[in-house]
Number of protein chains: 2
Amino acid sequence: MALDHAILVSLTERAASGYDLARRFDASIGYFWPASHQQIYKVLARMQEAGWVESTLQEQDGRPDKKTYAITPDGAAELDRWAAQPTEREALRSDFAVKLRAFRDARTVLADTRARRAAHAERLAEYEASEARFYPDPSALDGPDLGSWLALRGGILGERQGIAWCDEILTALEARGSR
Amino acid sequence: MALDHAILVSLTERAASGYDLARRFDASIGYFWPASHQQIYKVLARMQEAGWVESTLQEQDGRPDKKTYAITPDGAAELDRWAAQPTEREALRSDFAVKLRAFRDARTVLADTRARRAAHAERLAEYEASEARFYPDPSALDGPDLGSWLALRGGILGERQGIAWCDEILTALEARGSR
DNA sequence: TAACTCATGTAATTGGTTACATGATTCG
DNA sequence: CGAATCATGTAACCAATTACATGAGTTA
């Protein structure tokens, strides 16, 4: 049920509609917890039922009405309760690792690995650009900004690790290819 | 539907019962695709229906009967088909990163991070022990063994990255704590 | 004129988790 | 005597994905 908390975190930063949240989840917090607009609308409805968020309807002309959600004191309390609990290790499920164990033909693995490396490099560039823009002086950070920066650092290290793994695979396969 | 393929990979290595597979998934391939025995039995039934695996019943005395599953030619073909397809990037969902963004109190994050670091170190030690025992001479590897080693390398790099992230967090928080 | 943005959803399905069930045998 | 191991499952539930739906306004 952590999408609940990801949405609460996002609403703490600023009130938003389901649509706004869906766009935020295309980047930012969505890098660590992806979610579709359908899923977000469902969770918002459930959380409103539970009293963790409240909505105000804004009529707009020329475009659809908008429901803006804000976090309630109960929602903030729930977020605190959740944040104080220890996090259990998240299960990793890697299609790619399973595919490596199914290894038969070097060519398909090579192509796959190169594509994967490129995707990691692209994401890494985004993260590094964000870091340079929003956190130019990390030692000055404190509170929620510090947390956001540390989360981003995790993303950066993760992408670098992904690239390093791809490079090991490419090196191993290329060494064998030329033998 | 990648549990299907993870099971097929495991059955390619050796025929097994649901129970055997469940134990294998507690280690080995389960490090990259965790699965419970319930889920495994369900998928085995579905794959038998589809003709990807076949089972033979073995009666045993003093203990329950055992259904041993083996991969069929159709199953092997399906595995090849799947392995030849490009892998799309797996979505990462990190409770811990979301929790960092919810950062309020340094003490709980510290405790959480230390526990997390210890879990990573433990898993890393297992991986490194496996590497030393089963792949003492990586340059000699080929075929499926090469794939398995490369998968394990990914695990090792992942745990090291996890530790490095925890260390960055601890450094940042401790620097602030003593200020 | 076709595609994209803004805005909100419902319905069906899949994959996985949690809880429950049974029953003999062996180990501490 | 209680816990763990061997062995197979069913049932209920939950989170997420995919497909479908509507409709005005803007941009290429």
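Bear in mind the structure is a predicted one, so any value in this text is a computation, not a measurement.

## Some thoughts on the overall build of chain A
For step 1, the next point in the chain: Helix and strand content of chain A: seven helices and two strands.
For step 2, the next point in the chain: In chain A, the order of α-helices and β-strands from amino to carboxyl end is α-α-α-β-β-α-α-α-α.
For step 3, the next point in the chain: Here the C-alpha atoms of chain A give a radius of gyration of 21 Å, more than 25% beyond the 16 Å that 2.2 N^0.38 yields for 179 residues.
For step 4, the next point in the chain: Here the C-alpha coordinates of chain A stretch approximately 70 × 40 × 40 Å along the principal axes.
For step 5, the next point in the chain: Per-residue burial over chain A gives 46% buried out of 179 residues.
For step 6, the next point in the chain: Summarising the internal contacts of chain A: among those between residues at least 6 apart in sequence, 55% fall at separations of at least 24.

## Considering the UniProt feature "domain: Transcription regulator PadR C-terminal" (unreviewed entry) in chain A
For step 1, the next point in the chain: The positions that UniProt labels "domain: Transcription regulator PadR C-terminal" (unreviewed entry) are, in the present scheme, residues 92-174 of chain A.
For step 2, the next point in the chain: The distance separating the terminal C-alpha atoms of residues 92-174 of chain A is 28 Å; by composition the span is 82% helix and 0% strand.

## Re the side chain of Ser148(B)
For step 1, the next point in the chain: Locating Ser148(B) in the fold gives a position in helix H7 (residues 143-177).
For step 2, the next point in the chain: Setting aside chain neighbours within four positions, we find Ser148(B) in contact with Leu100(A), Arg101(A) and Tyr135(B).

## Observations concerning the relation of the copies chain B and chain A
For step 1, the next point in the chain: The two copies are related by a screw operation: chain B maps onto chain A through 180 degrees of rotation and 0.0 Å of translation along the axis, at an RMSD of 0.0 Å. Taken together, the turn and the small shift mark the pair as related by a two-fold rotation axis. Closest to the rotation axis within chain B is the C-alpha of Gln161(B), separated from it by 3.2 Å.
For step 2, the next point in the chain: With an isologous cut-off of 70% or more, the 99% of interface residues of chain B that recur at the interface of chain A puts this contact in the isologous class.

## As for the packing of aromatic side chains
For step 1, the next point in the chain: For the structure on display, the rule yields four aromatic pairs over all chains.
For step 2, the next point in the chain: For the pair Phe96(A) and Trp165(A), a centre-to-centre distance of 5.3 Å together with 80 degrees between the ring planes defines the contact as edge-to-face. Of the two residues, Phe96(A) sits in helix H5 (residues 95-101) while Trp165(A) sits in helix H7 (residues 143-177), which places them 69 residues apart along the sequence. Considered together, Phe96(A) and Trp165(A) belong to a single accessibility category, that of buried residues.
For step 3, the next point in the chain: Between the aromatic rings of Tyr31(B) and Tyr127(B), the centroid separation amounts to 5.2 Å while the plane-to-plane angle is 90 degrees, which identifies the pairing as edge-to-face.

## Considerations on the protein's contact with DNA strand D
For step 1, the next point in the chain: In the vicinity of DNA strand D, 22 residues are found, and the nearest of them are Met1(A), Gly62(A), Tyr19(B), Gln60(B) and Lys67(B).
For step 2, the next point in the chain: The sugar-phosphate backbone supplies 62% of the atoms of DNA strand D found within 4 Å of the protein.
For step 3, the next point in the chain: Within the side chain of Gln38(A), one N or O atom sits 2.9 Å away from a base nitrogen of DNA strand D.
For step 4, the next point in the chain: Contact between DNA strand D and Tyr41(B): a phosphate oxygen at 2.9 Å from a side-chain N or O atom of the residue.
For step 5, the next point in the chain: Elements represented by at least two residues in the surface near DNA strand D include exactly helix H3 (37-50) of chain A together with helix H2 (18-24), helix H3 (37-50) and strand E2 (66-71) of chain B.
For step 6, the next point in the chain: In terms of residue count, H3(A) provides more of the surface near DNA strand D than any other element does, four residues in total.
For step 7, the next point in the chain: Here the residues of the surface near DNA strand D are counted per class, giving seven nonpolar, eight polar and seven charged.

## Observations concerning the interface of chain B and chain A
For step 1, the next point in the chain: Across the boundary between the two partners, chain B contributes 70 residues, which contact 69 residues of chain A.
For step 2, the next point in the chain: Regarding the contact of chain B and chain A, the summed buried area is about 6200 Å², with carbon and sulfur atoms giving 56% of it.
For step 3, the next point in the chain: At the boundary of chain B with chain A, the tally comes to ten salt bridges.
For step 4, the next point in the chain: The shortest N-O distance in the salt bridge between Arg153(B) and Glu168(A) comes to 2.8 Å.
For step 5, the next point in the chain: Run the count over chain B and chain A and you get 34 residue pairs in polar contact (both at pLDDT 80 or more).

## So, the pattern of salt bridges
For step 1, the next point in the chain: In the structure shown here, the tally under the stated rule is 28 salt bridges over all chains.
For step 2, the next point in the chain: For Arg89(A), the salt bridge identified is with Glu159(B), shortest N-O distance 2.9 Å. Of the two residues, Arg89(A) sits in the loop between helix H4 (73-84) and H5 while Glu159(B) sits in helix H7, which places them in two different chains.

Rules used in this analysis
- Residues numbered from 1 in each chain as written.
- Chains lettered and ligands numbered in written order.
- Predicted model: local features only at pLDDT ≥ 70, side-chain atom pairs only at ≥ 80, totals over all residues.
- Heavy atoms only, no water.
- Helix = DSSP H or I, 4+ residues; strand = E, 2+ residues; numbered from the N terminus.
- Rg over C-alpha atoms; globule rule 2.2 N^0.38 Å.
- Buried < 20%, exposed > 50% of the residue type's maximum accessible area, 1.4 Å probe, protein only.
- Contact = heavy atoms within 4.5 Å.
- UniProt positions renumbered as here; feature names shortened; annotations may be inferred.
- Least-squares fit on C-alpha atoms with pLDDT ≥ 70 in both.
- Phe/Tyr/Trp six-rings, centres within 6.5 Å; stacked < 30°, edge-to-face > 60°.
- Near = heavy atom within 4 Å.
- Polar contact = N/O pair within 3.5 Å; in protein donor to acceptor, adjacent residues only side chain to side chain.
- Nonpolar A, V, L, I, M, F, W, Y, C, P; charged D, E, K, R; others polar.
- Buried area = accessible area lost by both parts, 1.4 Å probe.
- Salt bridge = Lys/Arg side-chain N within 4 Å of Asp/Glu carboxyl O.

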